Amino acid sequence: MFVHEYQAKNLLSRYGFSFPSGEVAFSADEAEVAASRIDADYWVVKAQILAGDRGQFGGVKVARTRAEVTTLARTLLGSRLVTPQTGAAGLTVKSVYIEQGCDTDREMYLALLLDRYRRELILLAAASGGSGIETKIDDSAQPVHRLAVSVDAPPDQDNLAELARQMNLDEFLASEFVEMCQQMHQALVELDALSIELNPLAVVGGTKLVGLDVKMELDDNALYRHEQYAELLSLNQESDRRLRAQSGYNYVSLHGDIGLLVGGAGLALATMDLLKLNGLEPANFLDLPPIASRSNVSDACETVVQNDSIKALFVNVVGGGLTHCDTVAEGLITAHMKSKIKKPIIVRFAGTKKEHGLTLLRNSRIPFEMANTMQDAVELLMKIR
Amino acid sequence: MSILINRDTRVMTQGMTGKTGLFHTRNCLDYASGKSAFVAGVTPGKGGQVVDGIPVYDTVAEAKEQTGATVSVIYVPPPFAGAAIDEAVEAKLDLVICITEGIPVKDMIETRNKMAGSKTILVGPNCPGVITPEEIKIGIMPGYIHKKGSIGVVSRSGTLTYEVVEQLTKLGLGQSTCVGIGGDPVNGTKHVDVIRWFNDDPETEAIVMCGEIGGTDEEDCGRWIKENSTKPVAAFIAGVTAPPGKRMGHAGAIIAGGKGTAAEKISVLRECGVQVTENPAGIGDLVVEMLRA
């Protein structure tokens, strides 16, 4: 999961990183108090949403006075911010981060992340930072320097010094840079983070490296060894219905009119592709947990049909593992009895306990429409539309 | 023949006495030659027990020594799964199939580092396992949809593998071996490894590969096929229509910064002579066509 900027800064500050002083606020009143506590010539009010490109799309504002902080916070809080990374519906701003304004001499880019290809860590550094850095990675005019780093040991001093040289840092800043890279490594390993990105990483007052913005992703699989993450999860979950994600679902909301309930991520992706290939648009995408119980399925079904724009629900399950078609059938029947789903439900079963599942559906007297293959299901969906 | 496993393979289950391990081991016992194939269980502290006629040992090394099993399948919960793989590697098993989903990335990187120089093959984690139809099933896939034959299947996703197998079987095309390599970003065997084994297997006539958005494994595989493969390969890449930046289930299935998109993978694969369909319901049909050509 990605965490908010203020959460990332909190988690990272104990590793010795330097950030402008700041406080999070969930209301205009809190923003006012925060501003009164932060000594600065000017302040930056930053919308806390779990998506990038906030700056270019109105999510980061500069306040010249403390009163202006409160006004800006009031405007941002509760508003919906749309950036290229949020989807068309945007994300609601639930909190703002009030930060000390900070003049920079120079802005760079520094990130440590998992290199999925090499299955190791990689340090990325560029002499100039800012948004859109992802697209510049292959741009030779502005090289992004790469340094392979092991998980087991901190990055080598000499290699880091060389990297600092490539970044055109003077001797003093170079030693600070080397130290920062080592802190980043320690933080990533200890926090079970998948990526830490300082962008921009600024030179302030000629002698100091300050992280102006941070993006950090934590490994969902490692939540069990970090008790403090449960709180972050509960604070952040409303965006994209993280609540559901927490109970084992992977739910993604999209913009079409077919609700999709599928067992397994790969099949879910493929089902979405099949719909689009036939001119149908999924409204959402819910991947059942690997061990799906009747109540899981029932909750999942209700989550998917909650969306008013849905014309039909397509349940595509190939039973295997601990997801069996009969359990899915029981869950669908339960959901139907609980919330009287009015929309047509197309069910395609295959694999483990297919026949038993189909029998349960038939005996329920609920008008499920059964399809033998994905293609048959799509044809039924096209008729409904 | 087949790849990786056959009716003579001897298997131990790590995490045998847990709910998941026991459930799936029982299903595997009931499949084809399962009763002679599954010879040991491993659960630390439970050595000496006998479950469903299978002796349980405290360690992998002991299970190997006592029963001659050279393959293990792991159902151990995520916090302990990395260590379970390490133990199997240290015991010099030939093949370790890790079904466990949800192992922290850091643990898997450490485990992979420890595997450097080892001859043990790791399949998974977060995978459905491996099946050689009508001989042996090691994993959680529904056995009955498979049929013995000559199509090799390799996929990152479990349920998508079942989908492909079902299409093939309905068309009368049996499978030599089906391998689920798992959806995690840091895993053992990659597409290209499995394709290489299929290419060397005289019983495999054609290969089906199912990929997904994210990473560059499918592209690497395409380049290997172009240079080396003597057998026709059909491919499907899931996630053509996935919105960028959204995590679509598998940790691997995420598009970041324009890399690993389905479009890019499909174009590389086609350039490399791989037959690619964009219709997930038409994978079986593509294989039929390919074999006719």
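This text follows the structure it describes.
Residues numbered from 1 in each chain as written. Chains lettered and ligands numbered in written order. Predicted model: local features only at pLDDT ≥ 70, side-chain atom pairs only at ≥ 80, totals over all residues. Heavy atoms only, no water.

### Some words on the overall build of chain B
Here is the rule we go by: Strands here are runs of E lasting at least two residues and helices are runs of H or I lasting at least four, both read from the DSSP assignment and numbered beginning at the N terminus. The buried label goes to any residue with under 20% of its type's maximum accessible area, the exposed label to any with over 50%, and the partly exposed label to all in between, with areas taken from a 1.4 Å probe on protein chains only. Contact criterion: two residues are considered in contact whenever any of their non-hydrogen atoms come within 4.5 Å of each other. Accessible surface area values rest on a Shrake-Rupley calculation with a 1.4 Å probe, where residue burial reflects the displayed protein chains alone. Charge counting treats Lys and Arg as positive and Asp and Glu as negative, with His and both chain ends excluded. Charge coordinates come from a single atom per side chain, which is NZ of Lys, CZ of Arg, CG of Asp or CD of Glu.
The helix and strand tally for chain B stands at 10 helices and 14 strands. Its C-alpha atoms put chain B at 55 × 40 × 30 Å along the principal axes. Sorting the 293 residues of chain B into buried and exposed places 64% on the buried side. For chain B, the proportion of contacts with a sequence separation of at least 24, taken over those separated by at least 6, is 74%. Roughly 10,200 Å² of accessible area belongs to chain B as shown, and the carbon and sulfur atoms make up 51% of that amount. Counting 28 positive and 34 negative side-chain charges, chain B places the centres of these two groups 1 Å from one another.

### Some points on helix H3 (residues 66-76) of chain A
Residues and elements named next belong to chain A. By the burial criterion, the buried members of H3 are Val69, Thr70, Leu72, Ala73 and Leu76. Among the structural elements, helix H2 (28-37), strand E3 (43-47), strand E4 (60-63) and strand E7 (96-100) are those in contact with the buried residues of H3. Note on H3: the residue one or two positions beyond its end, Gly78, has a positive phi of about 85°.

### Quick look at the packing of helix H7 (residues 191-200) of chain B against helix H8 (residues 217-228) of chain B
All names here are of chain B. Here is the rule we go by: All axes here are fitted lines through C-alpha atoms, helices being fitted over the stretch that makes contact, and every angle between N-to-C directions spans 0 to 180 degrees. The scheme is simple: roughly parallel for angles under 35 degrees, roughly antiparallel for over 145, roughly perpendicular for 65 to 115, oblique for anything else. If you view the pair so one helix is near and one far, a crossing is left-handed when the near helix is turned anticlockwise from the far one by less than a right angle, and right-handed when it is turned clockwise.
Here H7 crosses H8 at 25°, and the two axes come no closer than 8 Å. Between H7 and H8, the interaxial angle falls into the category roughly parallel. Every pair of crossing elements has a handedness; the one defined by H7 and H8 is right-handed. Two secondary-structure elements touch here, H7 through His191, Val192, Ile195, Arg196 and Asn199 and H8 through Asp217, Glu218, Cys221, Trp224, Ile225 and Asn228.

### Some details on the packing of aromatic side chains
Note on aromatic pairs: each is described by the distance of the centres and the angle between the planes. Residues and elements named next belong to chain A. Short version of the rule: In summary, the pairing rule links any two rings of Phe, Tyr or Trp, Trp by its six-membered ring, whose centres are within 6.5 Å, and it sorts them by plane angle into stacked for under 30 degrees, edge-to-face for over 60 and tilted for everything else. Only when the NZ of Lys or the CZ of Arg is both within 6 Å of the ring centre and within 35 degrees of the ring normal is a charge said to sit over the ring.
A complete count under the given rule lists three aromatic pairs over all chains for this structure. Between Phe17 and Phe19, the ring centres sit 6.0 Å apart and the planes meet at 10°, which makes this aromatic pair stacked. For the pair Phe17 and Phe19, a shared accessibility class is recorded, and that class is buried. Through pairs of rings, three or more aromatic residues link up here, namely Tyr6, Phe26 and Tyr97. One residue, Arg64, lies across the ring of Tyr42, its end atom 4.9 Å from the ring centre.

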